[in-house]
Amino acid sequence: MGVVTPFPVPDAAQVIFVRAELQRILDLYGRMVAAGHWRDYAIQFGRDAASFACFRRSSERPEYRIEKRPALRNRQGEWALIGEGGAVLKRGHELGPVLAPVERKLMKLVEE
C-alpha cells in the first residue's frame, strides 16, 4: 500500500498538443457542438504527428482532422486541416488561420 506509482511522462519522440493549442481546438469543438454540428472527437498522438478528429456521428469518418506535424515546420507549416475525403484543405505555420475555414462555416451555421 505504501508504493507510489509515478505519473507517466510522454515519450520525448511523441508529438503532442501544448495546452494553448488544445484549448483553441477544444474551444472551436465546443462551439460546433453547441451549434449541433459535431458530436464526437478523437485525439491521436504519434511519433510523426498529433491529430484531432471531429465527427458528426461517431460511426462515420471524421469531417475534419487537425494535424500537427513538426517535421514540416520549416517547409509548408506544421498545421494542416484535412477534410473528410483526406484532402488537405489548409496548411500553415499558425493554428488560427488553419482553423479559419471551419470558423467561417460556424458563422454560416449560426446565421441560418
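What counts, and where the lines are drawn
Residues numbered from 1 in each chain as written. Predicted model: local features only at pLDDT ≥ 70, side-chain atom pairs only at ≥ 80, totals over all residues. Heavy atoms only, no water. Salt bridge = Lys/Arg side-chain N within 4 Å of Asp/Glu carboxyl O. Helix = DSSP H or I, 4+ residues; strand = E, 2+ residues; numbered from the N terminus. Buried < 20%, exposed > 50% of the residue type's maximum accessible area, 1.4 Å probe, protein only. Pairing = 2+ DSSP bridges. Axes fitted to C-alpha atoms, helices over the stretch in contact; angles between N-to-C directions. Phe/Tyr/Trp six-rings, centres within 6.5 Å; stacked < 30°, edge-to-face > 60°. Contact = heavy atoms within 4.5 Å. Expected span 1.5 Å × (residues − 1). Arc of directions from axis to C-beta.

Caption draft 1: Inspection of the pattern of salt bridges at higher detail. This structure, assessed with the given rule, holds 10 salt bridges. Across the pair Arg 31 and Glu 103 runs a salt bridge whose closest N-O atoms are separated by 3.4 Å. Here Arg 31, found in helix α1 (residues 19-34), pairs with Glu 103, found in helix α2 (residues 95-111); they are 72 residues apart in sequence, far enough to count as distant. Using a relative accessible area of 19% as the deciding quantity, one classes Glu 103 as buried. For the salt bridge of Glu 67 with Arg 65, the shortest nitrogen-to-oxygen distance reads 3.0 Å.

Caption draft 2: Representation of the sheet that holds strand β3 (residues 64-68) in the model. In space, the 5 strands of this open sheet follow the order β1-β2-β3-β4-β5, with antiparallel pairing throughout. Lying at the two open borders of the sheet, with one neighbouring strand each, are β1 (40-45) and β5 (88-92). Recorded for the sheet is a direction-independent mean angle of 15° between the axes of neighbouring strands. Strand direction decides the pairing type here: strand β4 (residues 79-83) and β5, joined by 4 bridges, are antiparallel. The residue bridging Ile 82 from the neighbouring strand is Val 88, located in β5.

Caption draft 3: Quick peek at the environment of Met 107. Within the fold, Met 107 resides in helix α2. With a relative accessible area of 53%, Met 107 lands in the exposed category. The spacing of Met 107 and Met 32 is 75 residues in sequence and 10.0 Å in space, taken between C-alpha atoms.

Caption draft 4: Geometry of the packing of aromatic side chains. Under the defined criterion, the tally for this structure stands at 7 aromatic pairs. With a centroid separation of 6.1 Å and an interplanar angle of 25°, the aromatic rings of Tyr 29 and Trp 38 are classed as stacked. With relative accessibility at 12%, the residue Tyr 29 sits in the buried group. The exposure class assigned to Trp 38 is buried, which follows from its relative accessible area of 2%.

Caption draft 5: Expanded view of the environment of Ile 25. With respect to the helices and strands, the residue Ile 25 is situated in helix α1. Sequence separation between Ile 25 and Gly 96 is 71 residues, and the spatial gap between their C-alpha atoms is 9.4 Å. With residues up to four places along the chain from it excluded, the contact list for Ile 25 reads Phe 17, Phe 52, Ile 66, Trp 79 and Leu 95.

Caption draft 6: Quick peek at α1. A rise of 1.5 Å per residue sets the reference length of α1, with its 16 residues, at 22 Å; its end C-alpha atoms lie 22 Å apart and thus fit the reference within 8%. For α1, the full list of buried residues reads Glu 21, Ile 25, Leu 28, Tyr 29 and Met 32. Looking down the long axis of α1, one finds its buried residues gathered within 100° of arc, a one-sided arrangement. Turned more than 90 degrees away from the buried face of α1, the exposed residues are Arg 19, Ala 20, Gln 23 and Ala 34. The positive-phi residue at the C-terminal boundary of α1 is Gly 36, with phi of around 85°.

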